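Chain and residue survey
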Amino acid sequence: MSEIDEAADPAALIEAYYDAGWTDGLPVVPPSDASIAATLAAAGLQGHEVLGEIPGRNTEVVAEKAAINAVMAGCRPEYMPVVVAAVRSLCDPAFAYHGPASSTGGSAMALVVNGPICKRLGINSGNNLFGQGHRPNATIGRAVRLIMMNTMNTRPGFLDRATLGNPGKYSFCFAEHEDEHPWEPLHASRGLARHESAVTLIASNSLYQIYNQLAATPAPLLLCFADALGNMGSPNLKGFNQTLIVFAGEHADILKAARWSRGDVQQFLMEHTRRRLADFKRAARVPGAVAAADETTWRHVFERPDDILIVCAGGRAGSWSACLPGWGNKWTRAVTTRIDDVATPRGRQA
Amino acid sequence: MKLFDPTSKPVERAVVLAPRPASPRGLRIGLVDNTKFNSDTLLRKLADRLAARHHMTVSVTSRKRSPSHEVDEAGIAALRAQADLVISGIGD
């Protein structure tokens, strides 16, 4: 620690964090003893507690450091349980942190928040879902990225080797729109109870929006998704990895009206997201010359229906949805972690 | 006003390095294939050259689950028991 006379120049303290190399490029909120203590208390943590570790990197994330980064990101104390659950997801062996965090692919850590905590914290699940304007969305995701940089050594050019990165690397957090949902929400589909709150972490390459204003039934609508998911430049194309799809209002309504289940949608997309082997070879995604049989040999992009994660969120109006292609060839898996929500006793159960 | 350091240092763990062989001649080679494209090809060609130049033999190949994962315990045990020299570290 060092002493800064912020009374003479309040900006000097912010500049000091820049000078130390501790920011993501945006100004940070300078922490204080009080704000760090409040953040730890809001998650029921002691400063020395270890939230998780990455054994291959000899890395541990300690609660006090996570709290400092959360304050720097602009989090209110009550956001901390969500940040903690996200860190625990990062450290889950199934997520295999090293790849998605360090790859040239430059994935964002997309955080989908479910359960009662979303409304209590005001995490946006509606209009401008991936955009600006909502403090918890902006700061929870930012806190996770700062924790990665500052406590897990995942710094650009060092252990973050992204060729391009993507804007979601600054922050990527949103809630699912659980009201009027066609099915059970994401966390319930992954084994948790609806009344619980949870974070689902998925390493995502840049999202792209899917447009279709004319489709009135599921099949033509979903063919647009299948085509997008099977594009020849997609990193997903031959790895059988996971993908997250976000259906916004009008598209979700089409599926709901047709009474398609989540499984129906997943099955349709698995069957229709495919390309001919000849396409792979012409685009040099598979080595070798094109043979006659390659024109009728199909390769599917997904191996199992539940590799397609589905979320309903976004504005009620507009014919837009989104694909968030997962990073890596099944080297990483999405991880859902229950939020230890100290504000509601039930959050501590199970 | 204080600056609060948000960074952590890696956790220090004691590591005992294997003794370095006095000569490369006749060593048993262990290969760690990290599953990157052409990793196995490159490792094999490297091993062939070492064999030709120093009379080494490939005694064990451990294939990782993915580049993101560490070598598993069984792989470590096999390398420790069967190899004098291990080659790893293939990138894109």
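Whatever comes next refers back to the structure up there.
Below or above, wherever it landed, is the structure these notes cover. (Residues numbered from 1 in each chain as written. Chains lettered and ligands numbered in written order. Predicted model: local features only at pLDDT ≥ 70, side-chain atom pairs only at ≥ 80, totals over all residues. Heavy atoms only, no water.)

Overview of the sheet that holds strand S2 (residues 57-63) of chain B
Each strand in a sheet pairs with another by means of backbone hydrogen bonds, the pair being arranged parallel or else antiparallel. All names here are of chain B. Heads up, the condition is: When DSSP finds at least two bridges between two strands, those strands are taken to pair. Going along the chain from the N terminus, every DSSP run of H or I of four or more residues is numbered as a helix, and every run of E of two or more is numbered as a strand. Here, axes are lines fitted to C-alpha atoms. For helices the fit covers the stretch in contact, and angles between N-to-C directions go from 0 to 180 degrees.
Read from one edge to the other, the open sheet built from three strands follows the order S2-S1-S3, with strand pairing classed as parallel. In the strand order of this sheet, the two ends are held by S2 and strand S3 (85-87), each with one partner. Within the sheet, the average angular offset between the axes of one strand and its neighbour, ignoring direction, is 25°. The pairing of strand S1 (residues 28-33) with S2 spans six bridges and is classified as parallel.

Details of the interface of chain B and chain A
Worth spelling out the cut-off: Contacts are assigned to residue pairs with any non-hydrogen atoms lying within 4.5 Å of each other. Buried area, as used here, totals the accessible surface that two parts lose on assembly, with accessibility defined by a 1.4 Å probe and the loss added over both. The salt bridge criterion pairs a side-chain nitrogen of Lys or Arg with a carboxyl oxygen of Asp or Glu, the two atoms within 4 Å. Contacts described as polar in this section are N or O atom pairs within 3.5 Å, which, within protein, must combine one atom able to donate a hydrogen with one able to accept it, while residues neighboring in sequence count only if both atoms come from side chains. In this classification, the charged set is Asp, Glu, Lys and Arg, the nonpolar set is Ala, Val, Leu, Ile, Met, Phe, Trp, Tyr, Cys and Pro, and all remaining amino acids, among them Gly, are polar.
Every contact between the two is made by 18 residues of chain B and, on the other side, 36 residues of chain A. Taking both partners together, chain B and chain A bury about 2,600 Å²; carbon and sulfur atoms supply 56% of that area. The interface formed by chain B and chain A holds two salt bridges in total. Remark: the boundary between chain B and chain A carries eight residue pairs in polar contact (both at pLDDT 80 or more). The residue makeup of the side of chain B that touches chain A, split by class, is eight nonpolar, five polar and five charged.

Brief notes about the sheet that holds strand S10 (residues 308-312) of chain A
Residue and element names in this part refer to chain A. The strand order across the open sheet formed by four strands is S6-S11-S7-S10, and the pairing between neighbours is mixed. Either end of the sheet is taken by a strand with one partner, and the two such strands are strand S6 (208-211) and S10. If you compare each strand with its neighbour and ignore which way they point, the axes differ by 25° on average. Relative to S6, helix H9 (residues 218-229) is tilted by about 150°, and along the sheet it contacts S6, strand S7 (243-247) and strand S11 (320-325). Running over the sheet, helix H11 (residues 262-272) touches S7 and S10 and is turned about 130° from S10.

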